[in-house]
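# Topology and contacts: notes
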Amino acid sequence: MKKAFFIILSAFTLISCEKEIDLDLADQSGNIVIEGNITDVAGSYTVKITKSVGFSQPNQYPAVTGAEVILSDNTGQTETLEYTGGGEYKTNTLQGVPGRTYTLKVQAEGKQYTAQSTMPQAVELEGLVQDSFMFGDKKSYTLLPVFTDPAELGNRYLFSFTINNLPKKYINVLSDNLNNGLPNQWTLGLPNDDNKGRDHEVVVGDVIHVEMQSIDTNIFTYYSALLKISEGYGGSVTPSNPPSNISNGALGYFSAHTVRSLVTQIQ
């Protein structure tokens with residue numbers, strides 16, 4: 001997770017965290033950072049491998065080349081990823097399937113790193129309901145993602161959205177601890193004040209692209225911790241502190257998740 005992603009901190013008050021997470025903010029520059037994703041959407045999947053940088057250094061993350069990157073699942077599918085530049089390794093044939101457990105193995109710079117993630121069953125995103133309210137002398141907007149949480153306890157979600165295809169991505173995470181098995185009642189707050197570090201104030205006519213991911217518990221914990229770090233340090237650190245699900249001291253995460261997306265225009 002790089003500084004280019006802005007994380008909505010106000011949503012963090014709505015998250016029911018599983019446990020207290022101790023965050024060690026020591027400078028871990030020069031460590032391997034692995035960011036891997038596999039989804040239930042057809043297409044190539046990417047594992048990005050870079051080096052972390054110090055808190056005060058520019059956002060220039062050195063790419064790690066020459067790594068061996070292998071993805072496999074518990075049914076026997078396996079693929080060695082192809083390096084495509086910029087620290088990115090991509091699949092050609094592997095397809096993500098809900099319910100399967102995926103294993104990532106990376107051999108880089110004389111060390112081996114492994115991670116596992118189980119892709120949850122998909123929860124359908126049925127709609128987006130708009131609402132608005134006055135924030136001072138300005139109108140602010142929210143979106144209610146329409147979905148019903150499954151009856152089983154333990155579902156975790158990541159919501160991200162962009163505005164008018166701008167590069168900045170806003171991220172929220174949610175657990176079903178307080179709303180298990182019920183229709184969703186939790187809203188996405190949209191940016192309303194560009195004087196608070198946000199690069200766009202949402203107005204009528206803006207197009208919002210919303211993505212809903214069903215994620216496993218390890219990834220929920222990772223992003224919950226990342227929100228805590230960003231709240232205290234303005235989002236200005238590389239991912240040295242969230243509890244990674246990758247072995248051998250690597251930073252970052254490996255996530256197998258489902259994806260459902262919708263687009264709406266502010267009315």
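Scroll up a little and you will see the structure.
My aim in this report is to walk through the structure given alongside it, one point at a time. (Residues numbered from 1 in each chain as written. Predicted model: local features only at pLDDT ≥ 70, side-chain atom pairs only at ≥ 80, totals over all residues. Heavy atoms only, no water.)

## Looking at the overall build of the protein
Going by this rule: Numbered from the N terminus, helices here are DSSP runs of H or I no shorter than four residues, and strands are runs of E no shorter than two. For the exposure calls, accessible area comes from a 1.4 Å probe over protein chains only, and a residue counts as buried if that area is under 20% of its type's maximum, exposed if over 50%, partly exposed in between. Only heavy atoms enter the contact rule, under which two residues are in contact if any of them lie within 4.5 Å. The Shrake-Rupley method, run with a 1.4 Å probe, gives the accessible areas here. Residue values count only the displayed protein chains as cover.
A tally of helices and strands in the protein yields one helix and 16 strands. Relative to its 267 residues, the protein shows a buried fraction of 48%. The contacts of the protein with a sequence gap of at least 6 include a subset with a gap of at least 24, amounting to 65%. A total accessible area of about 12,200 Å² is found for the protein, and carbon and sulfur atoms account for 49% of it.

## Brief notes about the pairing of strand β15 (residues 207-215)
Our working rule: At least two DSSP bridges between two strands are needed for those strands to be called paired.
Note that strand β12 (residues 156-163) and β15 share eight bridges and pair antiparallel. Paired with Tyr157 across the bridge in β15 is Ser214. Here β15 runs beside strand β16 (residues 251-265); their pairing, made up of eight bridges, is antiparallel. Considered in β16, the bridge of Glu211 is made with Ser261.

## Details of the pairing of strand β11 (residues 138-146)
Here strand β10 (residues 127-135) runs beside β11; their pairing, made up of nine bridges, is antiparallel. Residue pairing for β11: Ser132 is matched across the bridge by Tyr141. What sits between β10 and β11 in their antiparallel hairpin is a turn of two residues, with Gly136 showing a positive phi close to 65°. Here two bridges tie β11 to strand β14 (residues 188-189), and the two strands are oriented antiparallel to one another. Bridge assignment links Leu143 to a residue of β14, and that residue is Leu188.

## A short note on unusual backbone geometry
The phi angle at Asn164 is positive, at roughly 55°, despite the residue not being glycine. When you line up the elements, Asn164 lands in the loop between β12 and β13 (170-175). The phi torsion at Asn165 lies on the positive side, around 60°, for a residue other than glycine. Structurally, Asn165 can be placed in the loop between β12 and β13.

## What to know about the packing of aromatic side chains
Where we set the bar: Paired rings are identified among Phe, Tyr and Trp, the last through its six-membered ring, by centres lying within 6.5 Å, and are further divided according to the angle between planes into stacked (under 30 degrees), edge-to-face (over 60) and tilted (the rest). Note on geometry: a ring has a charge over it if NZ (lysine) or CZ (arginine) is within 6 Å of the ring centre and within 35 degrees of the ring normal.
For the structure shown, the criterion picks out nine aromatic pairs. Look at Phe147 and Tyr157: their rings are 5.0 Å apart centre to centre, the planes differ by 55°, and that puts the pair in the tilted class. Here the residue Phe147 occupies a position in the loop between β11 and β12, and Tyr157 occupies one in strand β12, the gap between them amounting to 10 residues. Here the two residues Phe147 and Tyr157 agree in accessibility, since each one is buried. Within the aromatic cluster, the residues linked to one another by ring pairs are Phe147, Tyr157, Phe159 and Trp186. The lysine or arginine in question, Arg156, covers the ring of Phe220, its NZ or CZ lying 5.4 Å from the ring centre.

## Notes on the nonpolar core
Counted only if it meets this: Definition of nonpolar core: a set of buried residues of the types Ala, Val, Leu, Ile, Met, Phe, Trp, Tyr and Cys, connected through side-chain atoms within 4.5 Å.
In terms of nonpolar packing, the biggest core is built from 24 residues, with Ile34, Ile49, Val69, Leu104 and Val106 touching the most fellow members. Of all the secondary-structure elements, those providing two or more residues to this core are β2 (32-39), β3 (46-51), β4 (68-73), β8 (101-108), β9 (111-118) and β16. With four residues, the top contributor of residues to this core is β8. Setting aside chain neighbours within four positions, we find Ile34 in contact with Val47, Lys48, Ile49, Leu104, Val106, Tyr113, Ile246, Ala250, Leu251, Gly252 and Tyr253. Counting residues in each nonpolar core, the second largest holds 20 residues, with Phe147, Ile163, Val210 and Ile266 among its members.

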